[in-house]
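Residues per chain, in single letters:
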Amino acid sequence: MSKKPTKNAPRPAQKPKRQTTPQLAAKRPKAPSAPETAERIALALETIAAHLAAAAPASDGGEALHHADAFVWHPDGRLAPVPHVSRVDIGLLKGIDRMRDILIENTERFANGFPANNALLWGARGMGKSSLVKAAHASINLNRKPADRLKLIEIHREDIESLPALMDILRNAPFHAIVFCDDLSFDGNDASYKSLKAVLEGGIEGRPDNVILYATSNRRHLLAREMIENERSTAINPGEAVEEKVSLSDRFGLWLGFHRCSQDEYLAMVKGYCGHFGIKLGEEELEREALEWSTTRGSRSGRVAWQFTQELAGRLGVRIKLR
């Protein structure tokens, strides 16, 4: 008879249960294939390009030339019309008769489709350089039909590097155009003058036949004296370095120099302005006040004469209206 096992007999040890990690609720997405990645990148780039194109101002392609005779060029490709140009009548420009006749003759030849030169008007401040360009443009257009009118396009000095883009727009335009840069000069290591050189002469495309360039400057060579001296002192071949800089002004075929006016010329300017705008004052008193005004300014010029005329007109209650 076998013995029954006692109640206190030890039970065999149980094996520990293996801990299992809970299954993830969502499976990790499968990595896209190379063709899918390329397609997504291309779609993103197209979206970015579309937004940039919508934000950028559209170039008018020269269509604006039909809407006015004068414009301001913006480097983003826009020609902003100028309905009323700030100018004085060409008959009021005194003391610059020779330069006036030369520039008008050159401009008229160009407007009629004959060969003409780019012009650099350089010299003393306030002697009517920019005023002459604007007055010559108005004088040429005086009796012309709309389809034959000459366009005047001002480009700012800091936008010279965009000049080739402007040339591309004007090249196929049905109008003749003067591209005008006022107070043109270069300082330091500014290399934007090379864009101007290429347009004036020397580039593959060159200057379009229907475009001429007029510039004004206080410097004959458009460069600061210390800039030329620095080039001469640091270059391996000083002569060639200076020639590279100075050759810019040489590419203007027409140089017109403006010099300080005499006392008689200054007084003639003042009297011309006063007579034109109906400002009445005794001749002796007018001369005395005009000379006193020029003394306080330290110079005599057309600009000083015009500033005195404005002062006198305001004091006498005379309205001045430019064309």
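Described in the following lines is the structure provided in the data block. Predicted model only: the values in this text are computed from it and were never measured. (Residues numbered from 1 in each chain as written. Predicted model: local features only at pLDDT ≥ 70, side-chain atom pairs only at ≥ 80, totals over all residues. Heavy atoms only, no water.)

Turning next to the nonpolar core. Counting residues in hydrophobic clusters, the biggest one holds 47 residues, and the most contacted among them are Leu 103, Leu 121, Leu 132, Tyr 214, Phe 258, Tyr 266 and Val 270. Sorting elements by how many residues they give to this core places helix α8 (residues 263–277) first, with seven residues. Excluding its chain neighbours within four sequence positions, the residues that come into contact with Tyr 214 are Leu 103, Asn 106, Thr 107, Asn 117, Ala 119, Val 133, Ile 178, Val 179, Phe 180 and Cys 181. With 33 residues, the next largest nonpolar core counts Ile 155, Leu 166, Val 179 and Leu 222 among its residues. (Core = buried A, V, L, I, M, F, W, Y, C linked by side-chain atoms within 4.5 Å. Buried < 20%, exposed > 50% of the residue type's maximum accessible area, 1.4 Å probe, protein only. Helix = DSSP H or I, 4+ residues; strand = E, 2+ residues; numbered from the N terminus. Contact = heavy atoms within 4.5 Å.)

Turning our attention to the sheet that holds strand β7 (residues 254–258). With mixed pairing, the seven strands of this open sheet are ordered in space as β2-β1-β4-β5-β6-β3-β7. Because the sheet does not close on itself, it has two edges, and the strands there are β2 (78–81) and β7. Across this sheet, the average inter-strand angle for adjacent strands is 25 degrees, counted without regard to direction. Summarising the sheet, strand β3 (residues 119–123) and strand β6 (residues 211–217) pair through four bridges and their orientation is parallel. Paired with Trp 122 across the strands is Ser 217, a residue of β6. Along the sheet, helix α3 (residues 129–141) makes contact with β3, β4 (151–154), β5 (177–181), β6 and β7, crossing β3 at roughly 145 degrees. Of the strands in this sheet, β1 (70–74), β2, β4, β5 and β6 touch helix α4 (residues 163–171), which is tilted by about 165 degrees from β5. (Pairing = 2+ DSSP bridges. Axes fitted to C-alpha atoms, helices over the stretch in contact; angles between N-to-C directions.)

So, about a nonpolar patch on the surface. Judged by side-chain polarity, Ile 41, Leu 45 and Ile 48 come together as a nonpolar surface patch covering roughly 300 Å² of accessible area. According to the relative accessible area criterion, Ile 41 is partly exposed, its value standing at 48%. (Patch = residues over 30% accessible without salt bridge, like charges linked within 9 Å, V, L, I, M, F, W, Y side chains within 5 Å. Areas by Shrake-Rupley, 256 points an atom, 1.4 Å probe, with all protein chains shown as cover. Salt bridge = Lys/Arg side-chain N within 4 Å of Asp/Glu carboxyl O.)

With that settled, consider α4. Those residues of α4 lying buried are Leu 163, Leu 166, Met 167, Ile 169 and Leu 170. For α4, the angular spread of buried residues about the axis comes to 160 degrees, placing them on one side. Taken together, the buried residues of α4 touch β1, β2, β4, β5, α5 (193–200) and β6. (Arc of directions from axis to C-beta.)

The tally for this structure, following the rule as stated, stands at 11 salt bridges. When the shortest N-O distance is used, the salt bridge between Asp 101 and Arg 100 registers 3.2 Å. Since its relative accessible area comes to 22%, Arg 100 is described here as partly exposed. Two residues, Glu 311 and Arg 315, come together in a salt bridge whose shortest N-O distance is 3.9 Å. You can see Glu 311 and its partner Arg 315 sitting in helix α10 (residues 302–316), four residues apart, about one turn around the helix. What makes Glu 311 partly exposed here is its relative accessible area of 36%.

Read these as layout, nothing more, since geometry by itself doesn't imply function.
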